[in-house]
Amino acid sequence: MPTELSTCTVLQGRANGSSFAYRSELRHAKRIVVKLGSAVVTRGDECGLALGRLASIVEQVAMLQNQGREMMIVTSGAVAFGKQRLRHEILLSQSVRQALHSGHNQLKDMALPVLEARACAAAGQSGLMALYEAMFTQYSTCTAQILVTNLDFHNDDKRQNLNSTLRELLRMNIVPIINTNDAVVSAPEPNSDLQGVNVISIKDNDSLAARLAVEMKADLLIALSDVEGLYDSPPGTDDAKLIDIFYPGDQQSITFGTKSRVGLGGMEAKVKAAVWALQSGTSVVIANGTHPKVTGHVITDIVEGKKVGTFFTEIKPAGPTVEQQTEVARSCGRTLASLHPGQRGEIICQLAELLTERKEEILAANKMDMDLAINAAALLKRLSLSPSKLNSLAIGLRQIAVAAQDSVGRVLRRTRVAHNLVLEQITVPIGVLLVIFEARPDCLPQVSALAIASGNALLLKGGKEAANTNRVLHQITQEALSMHGVTDAVQLVSTREEVEDLCRLDKMIDLIIPRGSSQLVREIQRAAKGIPVLGHSEGICHVYIDTEADIDKVIKIVRDSKCDYPAACNSMETLLIHRDVLRTPLFDQIIDMLRTEQVKIHAGPQFASYLTFSPSEAKSLRTEYSDLECCLEVVDSMQDAVDHIHKYGSFHTDTIITENEDTAEKFLHQVDSACVFWNASSRFADGYRFGLGAEVGISTARIHARGPVGLEGLLTSKWVLRGDGHTAADFSDHGTMTYLHENLPVGEPLAGQKDGNQTRDFDSSLIDA
């Protein structure tokens, strides 16, 4: 969260008096009104305050105030606080009278009278303000109380005095806490909620907050309630969907439910007040202030522009929301999964064809991205496409098309549970994949082909550096998908969605796959809420040179592992050398080669101890340099090398160079990494080089997929049981049947079951096209 605000930036964002168009602009809001609904402030028993929620809200408001923003609070709670106090007093008074006249046995039969709301408000207001003052004092923040009624806004003198008082309080860095004067307020008049654009009656705290925000020209109104935001139908009903961005022109599509358990206003009142404030130039967000997991940062999250609650905007969204895209992708993905493998293979081959046929269009878009890119060699290398790279992509896609023939619906296990009761475990798609990748446009057709082959719906979020290239590649992908009517199975997220917001869609996305830097992967792993993340946070790869290593192989493998593509996650970062190799011609050749390749060497502590003058000592043995740099460390044995890898490695890829087969096999067996190589470059840890056609990433996880993740890693399984009226009771002690649990061959269809592979053969000539 930023610690300083640029007043110029904030004022510029509101200079024309209009509301903010996008969530990301909310961080520029300087004057903010926070409305606390009755359900937020009061306890579930409606008698007393929810002190924990209130304390976290006060902390957030104080934090924003201390950043230089001008904060105002419109609060409920006086009635609930007063009800608690009055009940306590009445109960105490009655208990004394009962004890004097009727004895203690009558106490349990006492009935509390119905308490009038105005009396509760009068009794609770002072206590509520005392509580606010005590809480804000903890953050060296001063507060002031203001009670208003409808007349204070309709009388010009009173309205101007109110405006002047609030501005003076804000100037003195004081947080005004405003409430309706419920001790004297009249009941709201029917049908008087809104009276044109310029007038809104104070019917409840929603309308009060809106009127106050507009009167004070606030940049943002945050209305906290007991629901996540605005839904297209009453929350809790079937198929009710949270509306992320609300455009007033879509108001007719909303069905409102009943009011909350407390308070005067329902969601309809909130929306009317929000739209009125929006049309008068104040941005509005309606969000949940009662959720225990988010209450402590809901206000600051909104101000930071995160995807929380419903954001009201006068700018009609240009396209579908990411939630709508995900729903469309899931629906279309199920159709994709139901296609015959040959049809999915045809789509992938068509995509391969289009990559070469439309290469001029692709390269023109790529040139636009290259011209806009900053002058950084590593970025330009990742971003660049060429005719040869497109040809290589097409070859890889055709390999995936072949693999697609034996993917979805493959029988993994078949068991005859009992007579006429057969169980199968078959492969199925995972569901909806979210792949987030940086400036690597070649990822888009690779990942799309793998998703198509595995029958998964796909949501793609690419780096802005490759926006033009990604757009063209996505259009081509959808063109290929259209040949079998599944155009929307692959969606490209082109809205202003933040990665953290995408990671919140735990009810819509089944697996997140990050493709990019270790920093990106770590951020996604932290942000993912309830969604599995397939990836690795670091690629600290080792190459170990044994005493019996061949000189030529060492030079060749070390050079390729470090210098072929230093930024890759499978590039060597630490070179381990057996101590007996020191001060030998082999060691000298290694150092000379690294110097020639301009590789900067950082000495490990053991290596430094052998030298009078050594290179700069490595700050950490767990460093991923991702550049022409590496750590060089000395070990006493192969076992020491294994121990070093387990202590400092990231379980990505590790290599041994030796001519001793026994030593090599021990290394291969003992090193607990996703990829372990003998006399081969670490750069082979790649889906294409493994023959997978392509990869969605490399995983260092220990469940599901590990290493380069290709088609198999995007599949899960389900169990299919075919019976003939069987029940579990048939197999009880008194039943007539017994379990057989007989393993059956999986390579041939069951009797009477149609062989799907005979339904439509894949045209293998497409591979050679």
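Residues numbered from 1 in each chain as written. Predicted model: local features only at pLDDT ≥ 70, side-chain atom pairs only at ≥ 80, totals over all residues. Heavy atoms only, no water.

Q: Could you give me a rundown of the overall build of the chain, with the residues and numbers involved?
A: A tally of helices and strands in the chain yields 24 helices and 24 strands. Burial analysis of the chain (769 residues in total) assigns 51% to the buried set. Of all intrachain contacts in the chain linking residues separated by at least 6 positions in sequence, the fraction that spans at least 24 positions is 74%. (Helix = DSSP H or I, 4+ residues; strand = E, 2+ residues; numbered from the N terminus. Buried < 20%, exposed > 50% of the residue type's maximum accessible area, 1.4 Å probe, protein only. Contact = heavy atoms within 4.5 Å.)

Q: Describe the pairing of strand β4 (residues 174–180), naming the residues involved and giving the relevant values.
A: In terms of residue burial, β4 counts as a mostly covered element, since seven of its seven residues are buried. The pairing of strand β2 (residues 70–75) with β4 spans two bridges and is parallel. Bridge assignment links Ile-73 to a residue of β4, and that residue is Ile-177. Bridge count for strand β3 (residues 142–148) against β4 is seven bridges, and the pairing is parallel. Paired with Leu-147 across the bridge in β4 is Asn-179. (Pairing = 2+ DSSP bridges.)

Q: Now, about the sheet that holds strand β11 (residues 432–437): what can you tell me, with residues and values included?
A: Sheet architecture is open: four strands sit in the order β13-β12-β11-β14, paired in parallel fashion. Single-partner strands in this sheet number two, and they are β13 (490–492) and β14 (511–515). On average, adjacent strands in this sheet sit at an angle of 20° to one another, irrespective of strand direction. When β11 meets strand β12 (residues 457–461), the two strands line up parallel, connected through five bridges. In the sheet register, Leu-433 faces β12, and the bridge partner there is Leu-458. (Axes fitted to C-alpha atoms, helices over the stretch in contact; angles between N-to-C directions.)

Q: Give me the lowdown on the nonpolar core, citing residues and values where you can.
A: Among the nonpolar cores identified, the biggest contains 52 residues, and Ile-347, Ile-348, Ile-362, Leu-458 and Leu-460 are the most heavily contacted of them. The dominant element in this core, judged by the number of residues it contributes, is helix α16 (residues 443–454), at eight residues. If sequence neighbours within four positions are ignored, Ile-348 has contacts with Leu-397, Ile-400, Ala-401, Ala-404, Ala-449, Ile-452 and Ala-453. Counting 38 residues, the second-largest nonpolar core is a separate cluster that includes Leu-169, Leu-208, Ala-209 and Met-267. (Core = buried A, V, L, I, M, F, W, Y, C linked by side-chain atoms within 4.5 Å.)

Q: So what about the side chain of Thr-663? Which residues, and what values?
A: As for its position among the elements, Thr-663 is in helix α24 (residues 661–670). Residue Thr-663 is classed as buried on the basis of its relative accessible area of 15%. Sequence-distant contacts of Thr-663, that is, excluding residues within four places in its chain, are made with Asp-546, Met-638 and Ile-656.

Q: So what's going on with the packing of helix α3 (residues 51–66) against helix α5 (residues 117–137)? Which residues, and what values?
A: Direction vectors running N to C along α3 and α5 enclose 50°, while the axes themselves pass 9 Å from each other. Classified by the angle between their axes, α3 and α5 sit oblique to one another. When the axes of α3 and α5 are compared, the crossing they make is right-handed. For the pair α3 and α5, contact is made by Leu-51, Leu-54, Ala-55, Val-58, Val-61 and Ala-62 and by Leu-131, Tyr-132, Met-135 and Phe-136, respectively. Classifying every residue of the contact of α3 with α5 gives 10 nonpolar, no polar and no charged. (Parallel < 35°, antiparallel > 145°, perpendicular 65-115°, else oblique. Left-handed = near helix turned anticlockwise from the far one by under 90°. Nonpolar A, V, L, I, M, F, W, Y, C, P; charged D, E, K, R; others polar.)

Q: Give a detailed account of the packing of helix α7 (residues 156–171) against helix α8 (residues 205–215), specifying residues and quantitative values.
A: Taken N-terminus to C-terminus, the directions of α7 and α8 make an angle of 75°; their axes are 11 Å apart at the nearest point. The angle between α7 and α8 falls in the class roughly perpendicular. Contact residues: Arg-159, Asn-163, Leu-166 and Arg-167 in α7; Arg-211, Leu-212 and Glu-215 in α8. Broken down by class, the residue content of the contact of α7 with α8 amounts to two nonpolar, one polar and four charged.

Q: Lay out the environment of Pro-235 in plain terms, naming residues and giving numbers.
A: Within the secondary structure, Pro-235 is located in the loop between β5 (220–225) and β6 (245–246). Pro-235 gets classed as partly exposed once you look at its relative accessible area, which sits at 47%. In contact with Pro-235, not counting residues within four places along its chain, are Val-227 and Ala-240.

Q: Quick one: what's the story with a nonpolar patch on the surface, residue by residue and with numbers?
A: A cluster of nonpolar side chains, namely Phe-684, Phe-690 and Leu-692, defines an oily patch on the protein surface of about 260 Å² accessible area. Structurally, Phe-684 is set in the loop between β20 (675–678) and β21 (697–699). (Patch = residues over 30% accessible without salt bridge, like charges linked within 9 Å, V, L, I, M, F, W, Y side chains within 5 Å. Areas by Shrake-Rupley, 256 points an atom, 1.4 Å probe, with all protein chains shown as cover. Salt bridge = Lys/Arg side-chain N within 4 Å of Asp/Glu carboxyl O.)

Q: Tell me about the sheet that holds strand β9 (residues 411–418), and name the residues and values.
A: Pairing within the open sheet is antiparallel, and its four strands lie in the order β23-β10-β9-β24. With partners counted over all chains shown, the strands left at the sheet margins are β23 (715–722) and β24 (742–743), one partner each. Two elements, β9 and β24, share two bridges in a ladder whose sense is antiparallel. Bridging across to β24, Thr-415 finds its partner in Asn-743.

Q: Help me get a handle on unusual backbone geometry, residues and values and all.
A: Phi angles above zero are rare outside glycine, and Ser-140 is one such case at about 55°. Relative to the helices and strands, Ser-140 resides in the loop between α5 and β3. Looking at Ser-140, the relative accessible area reads 73%, which means it is exposed. The backbone of Arg-583 sits at a positive phi, close to 55°, despite the residue not being glycine. Among the secondary structure elements, Arg-583 is positioned in the loop between β16 (572–578) and α21 (585–596). Taking the relative accessible area as the measure of exposure, Arg-583 reaches 63% and is therefore exposed.

Q: Report on the environment of Lys-30, specifying residues and quantitative values.
A: With respect to the helices and strands, the residue Lys-30 is situated in the loop between α1 (7–13) and β1 (31–36). As a C-alpha pair, Lys-30 and Arg-69 span 39 residues in sequence and 4.7 Å in three-dimensional space.

Q: Got a sec to walk through the packing of aromatic side chains? Specific residues and values, please.
A: According to the stated counting rule, one finds five aromatic pairs in the structure shown. The interplanar angle of 65° and the centroid separation of 6.4 Å between the aromatic rings of Phe-677 and Phe-690 together place this pair among those described as edge-to-face. Taken as a pair, Phe-677 in strand β20 and Phe-690 in the loop between β20 and β21 lie far apart in primary sequence, 13 residues in all. Looking at Phe-690, the relative accessible area reads 39%, which means it is partly exposed. Residues Phe-731 and Tyr-739 carry aromatic rings whose centres are separated by 4.2 Å and whose planes lie at 10° to one another, so their mutual orientation is stacked. (Phe/Tyr/Trp six-rings, centres within 6.5 Å; stacked < 30°, edge-to-face > 60°.)

Q: Outline the pattern of salt bridges, supporting the account with residue identities and numerical values.
A: In the structure shown here, the tally under the stated rule is 29 salt bridges. Ionic pairing is found between Arg-358 and Glu-361, a salt bridge with its closest N-O pair at 2.8 Å. For Arg-358, a relative accessible area of 22% corresponds to the partly exposed category. What you see here is one network of salt bridges that share partners, running through Arg-23, Asp-244, Lys-307 and Glu-323.

Q: Give me helix α11 (residues 322–338): which residues, what numbers.
A: Side chains of residues three or four places apart in an α-helix project in the same direction, reflecting 3.6 residues per turn. The terminal C-alpha atoms of α11, which comprises 17 residues, lie 24 Å apart, in line with the 24 Å expected from a rise of 1.5 Å per residue. Looking at the buried positions of α11, the neighbouring elements they touch are α12 (341–357), β11, α16, β12, β13 and α18 (499–502). (Expected span 1.5 Å × (residues − 1).)

Q: How would you sum up the state of the cysteines? Please name residues and give values.
A: Counting across every chain of the model gives zero disulfides. Free of any disulfide, Cys-541 has its nearest cysteine sulfur in Cys-569, 6.8 Å distant. Between Cys-631, a cysteine without a disulfide, and Cys-630, which holds the nearest cysteine sulfur, the sulfur-to-sulfur distance is 7.3 Å. Judged by relative accessible area, Cys-631 falls into the buried class, the value being 1%. (Disulfide = S-S within 2.5 Å.)

Q: Could you give an account of helix α23 (residues 638–648), with specific residues and numbers?
A: Inspection of α23 places Met-638, Ala-641, Val-642, His-644, Ile-645 and Tyr-648 among the buried residues, and these make up the whole buried set. Along α23, the residues classed as buried sweep out an arc of 160° about the axis, all on the same side. Contacts made by the buried residues of α23 are with β15 (541–545), β16, β18 (629–635), β19 (653–657) and α24. (Arc of directions from axis to C-beta.)

Q: Please give an account of the confidence of the model for the chain that cites residues and values.
A: Note: predicted coordinates in regions of low pLDDT should not be interpreted at a detailed level. When pLDDT is averaged across the chain, the result is 84; 85% of the residues are at 70 or more. Scored below 50 in pLDDT, residues 188–200 shows 23 contacts in the model against residues more than four places distant or in partner chains. Within the model, pLDDT remains below 50 along residues 259–265, and this stretch shows 20 contacts once partners closer than five positions in the same chain are excluded. (pLDDT = per-residue confidence, 0-100.)

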